[in-house]
Amino acid sequence: MKALLLAGGTGSRLRPFTHTGAKQLLPIANRPVLFYALDSLAAAGVTDAGVVVGAHEAEIRRAAGDGSAFGLRLTYLRQERPLGLAHAVLVARAFLGDDDFLLYLGDNYLPEGVHGFLDRARAEPAAARLLLTRVADPTAFGVAEVDTVHGDRVLRLEEKPERPRSDLALVGVYAFSAAVHDAVRAITPSARGELELTHAVQWMIDRGLSVRAEATSAPWRDTGNVDDMLEANRHVLDTLVGAIDGKVDERSTVRGRVRIAEGAVVRGSRITGPAIIGPGAVVTGSHIGPYTAVAEDCRIEDSVIAHSVLLPGARVAGAPRIEDSLIGRGAVVASAPTPTRAHRLVIGDHSKVQLTP
């Protein structure tokens, strides 16, 4: 079975970070979100994957290459404008041919992977199979109504309904037969000008095609916003295996599961795991962690940082307490004279913010 990985979205909910980079390459535990999806596909036995890309095509190509590092063969498919998930299927028509395929949103984080879902899709073929999860606020998602009498038959899909018929949200993982190609050609753009995948699946349901669903209770994050990125980072760090390959001086303390990459330097600091310090990062006179990922070439001086993600080249100096924050590439956070107790920051690339001591 082939896979179609969607990595062409603009990431509007993660601006300003996505003004200068692809949202699928934002890091979770110092590793791009997209890489976790590629790992999942390979672990599920997929060998051929099409990657739908947009404005950040060159950046994604550089990061993922030809896919061999993941055990995959990648084919890049250009979507000139983000005209909807169903439009991405149209773009991929020649690559997909008449094969069954798995569709995976490239900014989703699924720690359990997709091997179980894909195994069931292979064993019990259907025109479409959907992966669902229960959510507290279904109005923010595509929602499926499932026939509980017959177990897994999908009756209806709605996109961000005002009055949801269920709390089962679409996770962003689908298995399709070639029947979906007729569906995506038949539908028209929605009110927001996009070809909605939910409309294509509903078209299949309305014509009596077999559309099945299964629910997962495993953690799932759509990393399209800051809070979910931080939560995904926390989950990955919970599985971290500690290793100290960089330099840690005798005045420093490292406790718990901490990974300090080769080329990183820690001086007079305390690192509390789970935490990860990337190559080329320098931490001086600071307390880092828990649940903090410091990317390559960051500089942290005389600061306290917890439950946060720092992107490459960020600098923090004299910050008395930073938590639950995402700090962009090349951003500078420095102390200011007015006192305060704690700070929560969402800082765009190459920004500069002054903090009170």
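An account of the accompanying structure is given in this report. Quantities reported herein were computed from a predicted structural model and do not represent experimental measurements.

**Here we look at the sheet that holds strand S17 (residues 258-260)**
And step 1. In spatial order, the strands read S14-S17-S20-S23-S26-S29-S31; together these 7 strands make up an open sheet with parallel pairing. Looking at the sheet topology across the chains shown, the edges are occupied by strand S14 (243-244) and strand S31 (346-347).
And step 2. Strand direction decides the pairing type here: strand S26 (residues 309-310) and strand S29 (residues 326-327), joined by 2 bridges, are parallel. By the bridge assignment for S29, Val309 is matched with Leu326.
And step 3. Helix H8 (residues 226-237) rests against strand S20 (275-277), strand S23 (292-294), S26, S29 and S31 of the sheet, and its axis sits at about 95° to S23.

**Some thoughts on the sheet that holds strand S22 (residues 287-288)**
And step 1. Here 5 strands make up an open sheet; going across it, the order is S16-S19-S22-S25-S28 and the pairing parallel. The open sheet has two edge strands, strand S16 (253-255) and strand S28 (322-323), and neither has a second partner.
And step 2. Sheet analysis places S22 next to strand S25 (residues 304-306), joined by 2 bridges and oriented parallel. Bridge pairing links Ile288 to Ile305 in S25.

**Considering H8**
And step 1. Here H8 contains 12 residues, and its C-alpha end-to-end distance of 16 Å stays within 8% of the 16 Å for a straight helix at 1.5 Å per residue.
And step 2. Of the positions making up H8, those classed as buried are Val226, Asp228, Met229, Leu230, Ala232, Asn233, Val236 and Leu237.

**Remarks on unusual backbone geometry**
And step 1. In this chain, Gly273 is followed by Pro274 through a cis amide linkage whose omega measures 5°.
And step 2. Turning to its location among the elements, Pro274 is positioned in the loop between strand S19 (270-272) and S20.
And step 3. At Ala29, a position not held by glycine, the phi torsion is positive, near 50°.
And step 4. Tracing the sequence through the fold places Ala29 in the loop between strand S2 (27-28) and strand S3 (31-32).
And step 5. On the accessibility criterion, Ala29 (11% relative accessible area) is buried.
And step 6. Even without a glycine there, the phi angle at Asn30 is positive, about 65°.

**Here we look at the packing of aromatic side chains**
And step 1. This structure, assessed with the given rule, holds 4 aromatic pairs.
And step 2. Relative to Tyr109, the ring of Tyr36 has its centre 5.7 Å away and its plane inclined at 85°; by these criteria the two rings are edge-to-face. With Tyr36 in helix H1 (residues 33-43) and Tyr109 in strand S7 (residues 108-109), this residue pair connects regions lying 73 residues apart in the sequence.
And step 3. On the basis of relative accessible area, Tyr109 is assigned to the buried category, the value being 8%.

**Overview of the pattern of salt bridges**
And step 1. This structure, assessed with the given rule, holds 23 salt bridges.
And step 2. Asp98 is paired through a salt bridge with Arg93; the nearest N and O atoms lie 3.2 Å apart.
And step 3. Note that Arg192 is salt-bridged to Glu194, the shortest N-O span being 3.6 Å.
And step 4. Linked through salt bridges whose partners overlap, the residues forming this network are Glu57, Arg61, Arg78 and Glu80.

**With respect to helix H7 (residues 197-206)**
And step 1. Most of H7 sits out of view: 7 of its 10 residues are buried.
And step 2. Along H7, the residues that are buried comprise Leu197, Thr198, Ala200, Val201, Gln202, Met204 and Ile205.

**Considering the side chain of Lys2**
And step 1. Within the secondary structure, Lys2 sits in strand S1 (residues 2-7).
And step 2. A residue is classified by how much of its surface remains accessible, and Lys2, at 19% relative accessible area, is buried.
And step 3. Within polar-contact distance, the side chain of Lys2 engages the backbone oxygen of Phe95 at 2.6 Å.
And step 4. When near neighbours in sequence (up to four residues on either side) are disregarded, Lys2 contacts Asp48, Phe95, Leu96, Asp99, Asp100, Phe101 and Leu102.

**Focus on the side chain of Asp249**
And step 1. Looking at the element boundaries, Asp249 is found in the loop between strand S15 (247-248) and S16.
And step 2. Of the polar contacts made by the side chain of Asp249, one reaches the side chain of Ser252; its length is 2.7 Å.
And step 3. Side-chain polar atoms of Asp249 contact the backbone nitrogen of Gly268, separated by 3.1 Å.

**Some remarks on the environment of Thr292**
And step 1. Inspection of the secondary structure assignment puts Thr292 in strand S23.
And step 2. Thr292 sits in the buried class, given a relative accessible area of 0%.
And step 3. Measuring from C-alpha to C-alpha, the distance between Thr292 and Thr188 comes to 44 Å, with 104 residues separating the pair along the chain.
And step 4. Apart from residues no more than four positions distant in its own chain, Thr292 is found in contact with Leu237, Pro274, Ala275, Ile276, Ile305, Ala306, His307 and Ser308.
And step 5. At 3.1 Å, the side chain of Thr292 forms a polar contact with the backbone nitrogen of His307.

Scoring rules and cut-offs
Along each chain, the written sequence defines residue order, and numbers are assigned to residues from 1. In view of the model being predicted, local features appear only for residues whose pLDDT reaches at least 70, and side-chain atom pairs are presented and counted only at 80 or more, with totals across whole chains, interfaces and linings using the full set of residues. The basis for the side-chain values is all heavy atoms of the structure; hydrogens and waters are excluded. Any two strands between which DSSP finds at least two bridges are classified as paired. Going along the chain from the N terminus, every DSSP run of H or I of four or more residues is numbered as a helix, and every run of E of two or more is numbered as a strand. What makes two residues a contact is simply this: any of their non-hydrogen atoms within 4.5 Å. Every angle, taken between N-to-C directions, lies between 0 and 180 degrees, and every axis is a line fitted to C-alpha atoms, over only the stretch in contact when it is a helix. Here the expected span of a helix is defined as 1.5 Å times the quantity of residues minus one. Think of it in three bands: residues with accessible area under 20% of the maximum for their type are buried, residues over 50% are exposed, and the middle band is partly exposed, with areas taken using a 1.4 Å probe on protein chains only. Stacked, edge-to-face and tilted are the three classes for Phe, Tyr and Trp ring pairs, Trp counted by its six-membered ring, which pair at centre distances within 6.5 Å; planes under 30 degrees apart are stacked, over 60 edge-to-face, the rest tilted. For salt bridges, the criterion is a side-chain nitrogen of Lys or Arg within 4 Å of an Asp or Glu carboxyl oxygen. For the purposes of these results, a polar contact is taken to be a pair of N or O atoms within 3.5 Å, where, inside protein, one atom must be able to donate a hydrogen and its partner to accept one; residues adjacent in sequence count only when each atom of the pair is a side-chain atom.

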